[in-house]
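Examination of the molecular architecture
What follows is each chain in one-letter form.
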Amino acid sequence: MTSDLLRVRDLKVSFATDGGTAQVLDHVNLTIGRGQIVGLVGESGCGKTTLARSILGVLPKNSARLEAGTIEFDGVDLLRVDPNRLAATVRGRRISFIPQDPFSSFNPVFTIGAQIMDLMKWKSPELDDADAGRSGWLPRLHGSRRYKADRERVLDLLRQVQLPDPEGVLKKYPHEVSGGQRQRLMIAMALLPEPKLIIADEPTTALDVTIQAQILKLLRDLATDHGISVLFTTHDLGTAWEICDSITVMYAGQEMEAASSEGFFKRPSHPYTNRLLKSLPSRGGSLSGIPGSIPALVDPPTGCRFNPRCEFATDICRQTRPEVTSAGPGHDVRCYHPVAEEKRHALA
Amino acid sequence: MKLLVLILNRLFWFVPTVLGLIVITFTISHIIPADPVAFVAGDNATAEQIEELRRQLGLDQPMHIQLWRYIVAVLEGDFGVSLYTLRPISEDLASRLPATLELTFVSVFVSALIGIPLGVVSALKRNSLLDHVLRIITVSGLAIASFWLAILFQLLFAMELGWTPLQGRVAGWGPDVITGFFLIDSLIMGDLETFWDVVSHMILPVMTLAFPALATIVRFTRAGVLEAINSNYVMYEEAMGMPRRVIVWKYVLRNALIGTVTQIGLIFGILIAGAVVVEAVFDWPGLGSYAVQSILQSDYNAIMGFTVVSGVIFIVVNLTVDVVHGFIDPRESR
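Residues numbered from 1 in each chain as written. Chains lettered and ligands numbered in written order. Predicted model: local features only at pLDDT ≥ 70, side-chain atom pairs only at ≥ 80, totals over all residues. Heavy atoms only, no water.

1. As for the packing of aromatic side chains
Applying the stated criterion across every chain, the model contains 13 aromatic pairs over all chains. With centroids separated by 5.5 Å and ring planes inclined at 75°, the aromatic side chains of Phe105(B) and Phe268(B) adopt a geometry described as edge-to-face. Placement of the pair is Phe105(B) in helix H5 (residues 89-124) and Phe268(B) in helix H11 (residues 244-282), with a sequence separation of 163 residues. By relative accessible area, Phe105(B) is classed as partly exposed at 42%. Here the aromatic cluster, defined as three or more aromatic residues joined through ring pairs, consists of Trp241(A), Phe264(A) and Phe265(A). The lysine or arginine in question, Arg169(B), covers the ring of Phe182(B), its NZ or CZ lying 3.7 Å from the ring centre. (Phe/Tyr/Trp six-rings, centres within 6.5 Å; stacked < 30°, edge-to-face > 60°. Helix = DSSP H or I, 4+ residues; strand = E, 2+ residues; numbered from the N terminus. Buried < 20%, exposed > 50% of the residue type's maximum accessible area, 1.4 Å probe, protein only. Lys NZ or Arg CZ within 6 Å of the ring centre and 35° of its normal.)

Laid out in structure tokens, this is it:
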């Protein structure tokens with residue numbers, strides 16, 4: 001068994017689109033250590049969500065194609081596990097999920113209580129793997145001891161995510177509670193199976209800024225308390241800085257750099273990362289963007305996909321994609337011309 | 001709580017809707033150019049006899065007086081007498097209503113029972129062979145005229161194969177009338193032989209009526225399931241590893257049924273209209289064949305009676321659908 005909880009290696013995923021096949025993930029690597037909160041940072045459309053959904057095994061069936069690679073979770077390649085077994089024993093049990101939009105991710109026609117209790121029925125941490133795919137079919141009376149125990153556990157979780165009036169919330173329908181409360185509920189549901197990994201796909205984008213901070217702190221504290229690893233996708237570097245232990249940055253379907261939070265912000269090594277940090281607004285400084293625009297994934301540039309916009313690009317950058325090289329302890333970069341120490345754009 | 005408000009609100013609108021229905025029905029049947037009195041009096045009647053009859057029937061009064069009298073009478077349950085048989089129309093309607101309702105209810109039940117699962121499967125296996133076959137069937141269900149289909153069924157199943165009776169509601173007199181629904185009456189009497197006879201008589205008319213209804217239900221369920229299955233909440237439920245069967249038959253179906261239930265309400269109206277033709281073909285002693293008879297005899301009191309009663313049924317069904325809707329979709333009622 002490796003010490004890392006999750007190792008994604010050489011993952012290649014393409015999507016069939018009207019304009020041709022889009023190479024959405026191009027041999028991507030990602031590592032998540034045990035108990036670590038890893039930020040997956042990148043612009044919209046860079047493949048963050050696709051990577052998250054690949055790990056969960058819920059890529060759109062009709063259009064997405066997983067072409068190569070391994071997703072090793074706790075020493076087992078998830079891509080080689082039988083899909084039914086994956087659904088019964090991994091998804092919602094060892095890996096759970098916090099969606100981007102808490103408004104549309106609840107089923108509108110069932111009470112919150114009905115949805116959480118259903119999840120409990122199938123994903124209770126007390127079930128063992130052999131029962132996990134079956135137990136839910138047994139009819140269960142609302143007065144039964146099992147039901148009451150499950151309900152107590154759910155109420156306890158709702159208190160942990162600091163929801164006011166947990167009993168009342170269970171009787172409500174999703175449209176009757178606020179966005180912040182819904183996202184607290186989503187966090188509670190993600191914690192419910194006592195997973196090893198939570199995949200949080202931009203969990204705060206749909207919320208007000210004031211609520212974002214509360215939710216982030218809550219997620220961070222609970223994950224740390226329970227020793228759960230989190231993969232946290234975001235396009236907001238500030239958010240990543242606040243809660244992540246380490247950061248992997250993606251650009252146009254390729255990961256560019258992976259480092260500890262501190263290493264990432266203080267010693268950015270990839271030209272893209274440097275430009276990215278430089279483009280953060282600072283007091284008194286002028287706003288600077290990155291010239292050019294993100295490439296179309298149907299016909300991406302060969303080699304390093306950042307090469308058309310990179311000031312250091314040479315011929316080799318346009319021919320083959322650089323291998324992973326080390327830029328320090330726990331600091332990986334994929335670049336032929338990493339930015340030298342003195343030229344780096346470090347954040348103070 | 002809000003559900004109660006919804007029900008009261010719909011009940012409140014029930015009254016003006018029914019009044020409007022009566023007024024419109026009355027007006028239409030009184031501006032038609034035919035003179036029913038002359039028709040009733042017969043070819044050999046003198047002008048004085050016709051005028052006398054007109055006075056007896058109250059048709060010499062101004063229109064608004066006639067309308068007022070009609071409304072008052074209808075609200076008391078009196079639709080006047082048939083110009084042809086001179087029997088009270090309310091009695092005729094009351095004895096025929098259960099036959100039509102039984103046919104309609106069974107048809108809706110059968111089409112929902114078959115149509116909803118087919119719609120779900122068709123959506124899950126989108127663009128498969130099954131989906132295409134179902135599409136052909138549903139399009140033909142909507143396109144084929146029911147009188148033609150009825151005759152075709154009769155030719156094939158009754159005449160050629162001899163599997164079912166040709167027409168009628170029951171062989172012989174039928175069970176003692178308790179509710180007027182033969183299926184229920186024969187069961188209450190414990191008379192299984194009659195029960196199966198009634199069932200065999202229902203097969204062809206139900207098939208005829210259920211076919212277009214089935215088509216509508218399949219199409220709407222399919223659309224509803226497709227919409228739900230591509231939603232974020234289904235993605236979430238899958239990401240959390242809920243079993244596929246629970247997601248489809250519980251979470252998705254409940255959402256998809258919101259549209260289907262509305263359609264079932266509309267289907268009721270279409271089926272009652274369709275019953276006019278189908279009952280005539282199958283000699284089914286219901287409201288439909290009564291309406292056909294009355295129209296052929298220019299018995300406009302009876303036509304008005306039929307129109308008002310089927311209108312009220314339609315309104316009641318829609319009221320029920322609104323309430324059921326409130327139950328299925330909490331956003332509606334809370």
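Back to the write-up after that little detour.
2. Looking at the UniProt feature "domain: ABC transporter" (unreviewed entry) in chain A
As recorded in UniProt, the sites labelled "domain: ABC transporter" (unreviewed entry) are residues 6-277 of chain A. Between the end C-alpha atoms of residues 6-277 of chain A there is a gap of 27 Å, over a span that is 39% helix and 26% strand. (UniProt positions renumbered as here; feature names shortened; annotations may be inferred.)

3. Some remarks on the UniProt feature "domain: ABC transmembrane type-1" (unreviewed entry) in chain B
Those places that UniProt annotates as "domain: ABC transmembrane type-1" (unreviewed entry) correspond, in this numbering, to residues 97-325 of chain B. Secondary structure content for residues 97-325 of chain B is 81% helix and 0% strand, while the C-alpha to C-alpha distance between its ends is 26 Å.

4. A look at the environment of Phe181(B)
Inspection of the secondary structure assignment puts Phe181(B) in the loop between helix H7 (146-160) and helix H8 (182-188). Not counting residues within four places of it along the chain, the set of residues in contact with Phe181(B) comprises Pro98(B), Leu101(B), Glu102(B), Phe105(B) and Arg169(B). (Contact = heavy atoms within 4.5 Å.)

5. Here we look at the UniProt feature "transmembrane region" (unreviewed entry) in chain B
Residues and elements named next belong to chain B. Taken from the UniProt record, the annotation "transmembrane region" (unreviewed entry) applies to residues 12-32, 99-124, 136-158, 202-221, 252-282 and 302-328. A helix fraction of 95% and a strand fraction of 0% characterise residues 12-32, whose end C-alpha atoms lie 32 Å from each other. Across residues 136-158, helical content stands at 91% and strand content at 0%; the span's end C-alpha atoms are separated by 26 Å.

6. Comments concerning empty space enclosed by the protein
Following the criterion strictly, the structure yields two cavities of 30 Å³ or more and no others. Size it by volume and the largest cavity reaches roughly 80 Å³. Around the largest cavity, the lining residues are Ser105(A), Gln115(A), Leu119(A), Met189(A), Tyr236(B), Glu237(B), Met240(B), Met242(B) and Tyr251(B). Those elements giving two or more residues to the lining of the largest cavity turn out to be helix H3 (112-123) of chain A together with helix H10 (232-239) of chain B. Partitioned by chemical class, the residues of the lining of the largest cavity number six nonpolar, two polar and one charged. Volume-wise, the second largest cavity comes out at about 30 Å³. (1 Å grid on protein atoms, 1.4 Å probe; cavity = no way out; pocket = protein on both sides within 12 Å on 5 of 7 lines; lining within 4 Å. Points joined across faces, edges and corners; volume = space filled by probe spheres on them. Nonpolar A, V, L, I, M, F, W, Y, C, P; charged D, E, K, R; others polar.)

7. Topic: the layout of surface pockets
If you add up the space inside the largest pocket, you get close to 760 Å³. Taken together, 34 residues line the largest pocket, and the ones lying closest to its centre are Gly57(A), Pro83(A), Asn84(A), Ala87(A) and Arg91(A). If you list the elements that add at least two residues to the lining of the largest pocket, you get helix H1 (48-56), strand E4 (64-73), helix H2 (83-90) and H3 of chain A together with H11 of chain B. Looking at side-chain class alone, the lining of the largest pocket contains 21 nonpolar, five polar and eight charged residues. Lining the second largest pocket are 22 residues; nearest its centre among them are Lys61(A), Asn62(A), Ile229(B), Asn230(B) and Arg244(B). Elements represented by at least two residues in the lining of the second largest pocket include exactly H5, helix H9 (192-229) and H10 of chain B. Looking at the lining of the second largest pocket, the element that brings in the most residues is H10(B), giving four residues. Taken together, the residues of the lining of the second largest pocket sort by class into ten nonpolar, six polar and six charged.

8. Comments concerning the pattern of salt bridges
Evaluation of the coordinates by the stated rule reveals 28 salt bridges over all chains. Of the charged contacts in the structure, one is a salt bridge between Glu311(A) and Arg275(A), with a shortest N-O distance of 3.4 Å. Taken together, the residues Glu311(A) in the loop between helix H11 (271-278) and helix H12 (315-319) and Arg275(A) in helix H11 connect sequence positions 36 residues apart. Take Arg275(A): its relative accessible area is 19%, and that puts it in the buried class. Notably, a salt bridge pairs Glu238(B) with Arg244(B), separated by 2.6 Å at the nearest N-O pair. The buried category is assigned to Glu238(B), whose relative accessible area is 16%. The exposure class of Arg244(B) is partly exposed, given its relative accessible area of 41%. The structure contains a network of salt bridges with shared partners spanning Lys12(A), Arg65(A) and Glu67(A). (Salt bridge = Lys/Arg side-chain N within 4 Å of Asp/Glu carboxyl O.)

9. Some thoughts on H5(B)
In this model, H5(B) (36 residues) spans 50 Å end to end at C-alpha, consistent with the 52 Å of a helix rising 1.5 Å per residue. In the structure, H5(B) departs most strongly from a straight axis at Arg96(B), where the bend amounts to approximately 35° and where the proline Pro98(B) lies between one and four residues downstream. (Expected span 1.5 Å × (residues − 1). Bend = angle between axes of the 7 residues up to and from the residue.)

10. Overview of the state of the cysteines
By definition, a disulfide links two cysteine residues through a covalent bond between their sulfur atoms. All names here are of chain A. One pass over the structure, following the stated rule, counts zero disulfides over all chains. Here Cys244 stays free of any disulfide, with the sulfur of Cys46 as its closest cysteine sulfur at 14 Å. In this model Cys310 remains outside any disulfide bridge; the closest cysteine sulfur is found in Cys335, 6.0 Å from its own. Among the residues examined, Cys310 registers a relative accessible area of 16% and is labelled buried. (Disulfide = S-S within 2.5 Å.)

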